[in-house]
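Chain by chain, the residues:
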Amino acid sequence: MTATAPSETRVAPRDRLVINLLLVSAFVVILNETIMGVAIPHLVVDLGITEVAAQWLSTAFMLTMAVVIPITGFLLQRFNTRPIFIAAMSLFSLGTLIAAMAPGFEVLLVGRVVQASGTAIMMPLLMTTVMTLVPPAVRGRTMGNISIVISVAPAIGPTISGIILSTLSWRWMFILVLPIALGALLLGALRVVNVTEPRRVPIDVLSIILSAFGFGGLVYGLSTLGGAGATFLSSWLPLIVGVAALGTFVLRQLALQRRDRALLDLRTFRSRTFTVSILLMAVSMMALFGTIIVLPFLLQGVFGLDPLATGLLLLPGGLVMGVLAPFVGRLYDRVGPRPLVIPGAITVSLVLWGLTMVDQNTSVWFVLGAHIALSAGLAFMFTPLFTAGLGSLTPRLYSHGSAIIGTVQQLAGAAGTALFVALMASVTAQRLTAGATQVAATASGIQAAFLCGAIISVLGVVAALFVRRPAEAVDAGERMTEDAPAAAPMH
């Protein structure tokens, strides 16, 4: 084994500052994705709107993310790091200000859309910058910090909003965030430097339109599928349009990438490691977001806890994920992905199978322990998957790979939420019709939701067996995959 040069194991101080600024900014913006769920009852009363309308504050956020993220692959190639960062944080800060001052529902909805536009740009920017600046030998520990942003921020969003809403109005969810966002914007404008080399890439308008209808249709259809009053027009028609547009989008990208003009370059999927990592990420995100949405129903509808107690009960899991992420990143640098991903996938699967047995007689401590174990299992998966997946690509594909990861997270999160909620609602209604009490019926619905998640998690365990540490690029400008037939063997 050859010694690694110091320059290959250290990040320059200037680059470390850029990454840290991006990490803090990304945590703040991603936190807002799930912060509205607990606030819906307050908004219904304060704004005089229906629950369906209030739910749009979360749906519109996810929808905007799904539409904007695929375009970021183009933006990150076309523009420098600093103007992209300033644009992202300016949009987020403006959206937060609009939301904080909103006189009614319509203006609040606009604020959420503007917020989401900035959020969508930030995560691919962070990932692409890290992959560009951090040497492969120490990439795991930095990706561990990114895992905190991607997984912990959405997980603790409901807890933070529950704590705020227990003493303050819903406006304070935005008022408290605004100075942090403005501070990050000011500091970033002064200290973030350009770390990538932009190139003139033509924009394909048809690809943007197909992307918007494809990813937007899928996320919208999935997010409304499990809701009350879902109909063919509200759910299935957007899904059908989304699938058709996405299929056309894929064909369009395959044609454009031959001339290096694709909006989202799908040559990333030539890497087996990237493809397997994306599949596992989708399963993990479905489990995370499905559990985030269903556990409050269990804790409040079955156990009778209030929103604040529910948020506090879910907080330890989010903290465990945050504490483990950097530790897992350092382990990745030493042992690679498989010794981490396989136990993580097995843990997630076992927890979901365990949650299929919860009912009104289950101890709340069992649910707390299960959520902590699930969070630990996911922590052992996220960092290795991000690092191995993006590390298997050439540098010129980092921006596209980052955009694909962000898009898959939104789709999988929406799919997990829709699947868990739809099954829970369906089984609950059936049990009520059969004469069960509301509590018993809700418990049965929750069991069905977790059973579906447990079955899907078995696919994750199988996929985990095929994750590999990416080989180092010999010719980073030309190599498309570490596991192509002509690739050099690993040593």
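Please read all numbers here as calculations on a predicted model, not as lab measurements.

Caption draft 1: Here's a closer look at the overall build of the chain. When helices and strands are counted, the chain shows 16 helices and zero strands. Across its three principal axes, the chain shows a C-alpha extent of roughly 65 × 45 × 40 Å. Within the chain, the fraction of its 491 residues that count as buried is 57%. Sequence-distant contacts, at least 24 apart, represent 83% of the contacts inside the chain between residues at least 6 apart. As displayed, the chain has an accessible area near 19600 Å², and 69% of this comes from carbon and sulfur atoms.

Caption draft 2: Layout of the environment of P470. Among the structural elements, P470 can be located in the segment after α16 (438–464). On the basis of relative accessibility, which here comes to 11%, the residue P470 falls in the buried class. Residues P470 and T64, 406 residues apart in the sequence, show an inter-C-alpha distance of 33 Å.

Caption draft 3: Quick look at the packing of helix α6 (residues 139–165) against helix α14 (residues 364–391). Where α6 meets α14, the axes come as close as 8 Å, and the angle between the chain directions of the two elements is 120°. One finds that α6 runs oblique with respect to α14. Note on packing geometry: the crossing formed by α6 with α14 is right-handed. In contact with R139, G140, M143, G144, S147, I150 and S151 of α6, α14 contributes F382, T383, F386, T387, L390 and G391.

Caption draft 4: Examining the environment of C452 more closely. Of note, C452 is situated in helix α16. By relative accessible area, which is 18% here, C452 ends up buried.

Caption draft 5: Region of the structure containing the nonpolar core. With 129 residues, the main nonpolar core has M89, M122, M123 and I146 as its most contacted residues. At 17 residues, the largest contribution of residues to this core is made by helix α11 (residues 272–302). Sequence-distant contacts of M122, defined by excluding residues within four places in its chain, comprise L22, S25, A26, V29, F85, A88 and M89. Formed by 20 residues, the second largest nonpolar core is a distinct cluster that contains I40, L43, L108 and M173.

Caption draft 6: Just the pattern of salt bridges, in detail. Overall, the coordinates contain two salt bridges when judged by the stated rule. Salt-bridge contacts for D204 lead to R252; the nearest nitrogen and oxygen are separated by 2.7 Å. Of this pair, D204 sits in the loop between α8 (177–191) and α9 (205–225) while R252 is found in helix α10 (residues 232–256), placing the two residues 48 residues apart along the sequence. Residue classification places D204 among the buried residues on the basis of a relative accessible area of 10%. On the accessibility criterion, R252 (29% relative accessible area) is partly exposed. The partner of D265 in a salt bridge is R267, with the nearest N and O atoms 2.6 Å apart.

Caption draft 7: Seen up close, a nonpolar patch on the surface. Taken together, V205, L206, I209, F213, L233, L237 and V241 make up a surface patch of nonpolar side chains, about 640 Å² in accessible area. Contributing elements (two or more residues each) for the nonpolar patch: α9 and α10. For the nonpolar patch, the element with the most residues is α9, which contributes four residues. Examined against the element boundaries, V205 turns out to sit in helix α9.

Caption draft 8: Geometry of the confidence of the model for the chain. Summarising the model, the chain shows a mean pLDDT of 82, and 91% of its residues fall at 70 or more. Note on residues 1–6: pLDDT is under 50 here. Beyond four places in sequence and across chains, it has two contacts. For residues 473–491, every residue scores under 50 in pLDDT, and the model assigns this stretch 37 contacts once sequence neighbours within four places are set aside.

Caption draft 9: Seen up close, the side chain of T64. On the secondary structure map, T64 appears in helix α3 (residues 51–78). Once residues lying within four places of it in the same chain are set aside, the contact partners of T64 are V113, A116 and S117.

Caption draft 10: Structural context of α8. Taking 1.5 Å per residue as the helical rise, α8 with its 15 residues ought to reach 21 Å, and the 21 Å between its terminal C-alpha atoms agrees with that figure. Along α8, the residues classified as buried are V177, L178, A181, A184, L185 and G188. Down the axis of α8, the buried side of the element spans an arc of 130°, and every buried residue falls inside it. Across α8 from its buried face, at more than 90 degrees, point the exposed residues P179, L186 and L190. At its buried positions, α8 is contacted by α1 (13–31), α4 (81–101) and α7 (172–175).

Caption draft 11: Main features of the environment of G111. With respect to the helices and strands, G111 occurs in helix α5 (residues 105–133). The spacing of G111 and S457 is 346 residues in sequence and 36 Å in space, taken between C-alpha atoms. With residues near it in sequence (within four places) discarded, G111 still touches G95, I98 and A99.

Caption draft 12: The packing of helix α15 (residues 398–433) against α16, seen in detail. Between α15 and α16, whose axes approach to 7 Å, the crossing angle comes to 140°. Our pair here, α15 against α16, has a crossing hand that is right-handed. When the residues that make up the contact of α15 with α16 are grouped by side-chain class, the tally is 14 nonpolar, six polar and one charged.

Caption draft 13: Broad picture of the packing of aromatic side chains. Under the defined criterion, the tally for this structure stands at five aromatic pairs. Pairing F215 with F249 gives two aromatic rings, centres 5.7 Å apart and planes at 75°, and the pair type is edge-to-face. Taken together, the residues span a long stretch of sequence, with F215 in helix α9 and F249 in helix α10 at a distance of 34 residues. Judged by its relative accessible area of 6%, F215 is buried. On the basis of an interplanar angle of 85° and a centroid distance of 6.0 Å, the ring pair of F420 and F450 is categorised as edge-to-face. You can see F420 sitting in helix α15 and its partner F450 sitting in helix α16, a full 30 residues away along the chain. Take F420 and F450: they sit in the same class, and that class is buried.

Calculation criteria
- Residues numbered from 1 in each chain as written.
- Predicted model: local features only at pLDDT ≥ 70, side-chain atom pairs only at ≥ 80, totals over all residues.
- Heavy atoms only, no water.
- Helix = DSSP H or I, 4+ residues; strand = E, 2+ residues; numbered from the N terminus.
- Buried < 20%, exposed > 50% of the residue type's maximum accessible area, 1.4 Å probe, protein only.
- Contact = heavy atoms within 4.5 Å.
- Areas by Shrake-Rupley, 256 points an atom, 1.4 Å probe, with all protein chains shown as cover.
- Axes fitted to C-alpha atoms, helices over the stretch in contact; angles between N-to-C directions.
- Parallel < 35°, antiparallel > 145°, perpendicular 65-115°, else oblique.
- Left-handed = near helix turned anticlockwise from the far one by under 90°.
- Core = buried A, V, L, I, M, F, W, Y, C linked by side-chain atoms within 4.5 Å.
- Salt bridge = Lys/Arg side-chain N within 4 Å of Asp/Glu carboxyl O.
- Patch = residues over 30% accessible without salt bridge, like charges linked within 9 Å, V, L, I, M, F, W, Y side chains within 5 Å.
- pLDDT = per-residue confidence, 0-100.
- Expected span 1.5 Å × (residues − 1).
- Arc of directions from axis to C-beta.
- Nonpolar A, V, L, I, M, F, W, Y, C, P; charged D, E, K, R; others polar.
- Phe/Tyr/Trp six-rings, centres within 6.5 Å; stacked < 30°, edge-to-face > 60°.

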